[in-house]
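Close look at the chain arrangement
Below are the chains, spelled out letter by letter.
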Amino acid sequence: MSNIVAIVGRPNVGKSTFFNRLVEKRQAIMDNMAGVTRDRHYGYAEWIGKFFTVIDTGGYVTGSEDKFESQIRKQVKLAIDEATAVIFMVDVRDGITGFDKEFANILRASKKPVFVAANKTDTPDKAMLAAEFYELSLGEIYPISSENGSGTGELLDEVVKTF
Ligand code: GDP
Ligand code: MG
């Protein structure tokens, strides 16, 4: 069976940016030609010789707060059911939000390995902000920048160890 990494988190934290960075360049080019890149939520990735499928769980949330809640549950359920490992993405600029706590509660109860990626840590001076997320009680925090790639290698090194 193939390994699956799900990226979960509330909207705008940078899940799709990370997903696009991860998935094979060749595949991205092919999808561009087909004109479907924006709607793609499954991709194929490789890190230090290990191949895996990546799920970008975002992009569906619209409407009321109730709807938002049910979407969170759907996303996390998908991650728990399908994933070998889960990357839980948060935003260092915003700090911990109520929705982050909701995600964390459900993920903490799961038996899947969860990796907290403190995204938008673009520069070393922001790294100290990532420490706030230890409060989520999900173990190690990985400060990353999906935009410039910093910290993503350290995160992926640990993620692929779960395969
Ligand atoms: P998603 O809703 O979680 O999929 O988030 P997106 O990937 O669509 O990103 C939301 C916004 O955050 C976009 O404007 C991105 O350019 C921006 N963004 C994503 N990653 C980073 C990052 O590492 N640093 C900064 N500064 N902005 C980022
Ligand atoms: Mg997205």
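In case you missed it, the structure is sitting above this.
Focus on the site of ligand 1
The local shell around ligand 1 holds 15 residues, among which Asn12, Lys15, Ser16, Thr17 and Asp122 are the closest. A distance of 3.2 Å separates a nitrogen atom of ligand 1 from a polar side-chain atom of arginine 93. Between an oxygen atom of ligand 1 and a main-chain N or O atom of glutamate 147, the distance comes to 3.1 Å. About the coverage of ligand 1: the protein hides 73% of its 580 Å² of free accessible area.

Looking at the side chain of arginine 10
Examined against the element boundaries, arginine 10 turns out to sit in the loop between strand E1 (4-8) and helix H1 (15-22). A residue is classified by how much of its surface remains accessible, and arginine 10, at 10% relative accessible area, is buried. Side-chain polar atoms of arginine 10 contact the side chain of aspartate 94, separated by 3.0 Å.

Points about the packing of aromatic side chains
Within the structure shown, the criterion is met by 4 aromatic pairs. Taking the centre distance of 6.0 Å and the plane angle of 25 degrees together, the rings of tyrosine 44 and phenylalanine 51 count as stacked. Summarising the aromatic geometry, the rings of phenylalanine 115 and tyrosine 142 are spaced 6.1 Å apart at their centres and angled 50 degrees between planes, so their arrangement reads as tilted. Separated by 27 residues along the polypeptide, phenylalanine 115 in strand E5 (residues 114-119) and tyrosine 142 in strand E6 (residues 141-143) bring together distant segments of the chain.

Basis of the calculations
- Residues numbered from 1 in each chain as written.
- Chains lettered and ligands numbered in written order.
- Predicted model: local features only at pLDDT ≥ 70, side-chain atom pairs only at ≥ 80, totals over all residues.
- Heavy atoms only, no water.
- Near = heavy atom within 4 Å.
- Polar contact = N/O pair within 3.5 Å; in protein donor to acceptor, adjacent residues only side chain to side chain.
- Areas by Shrake-Rupley, 256 points an atom, 1.4 Å probe, with all protein chains shown as cover.
- Helix = DSSP H or I, 4+ residues; strand = E, 2+ residues; numbered from the N terminus.
- Buried < 20%, exposed > 50% of the residue type's maximum accessible area, 1.4 Å probe, protein only.
- Phe/Tyr/Trp six-rings, centres within 6.5 Å; stacked < 30°, edge-to-face > 60°.

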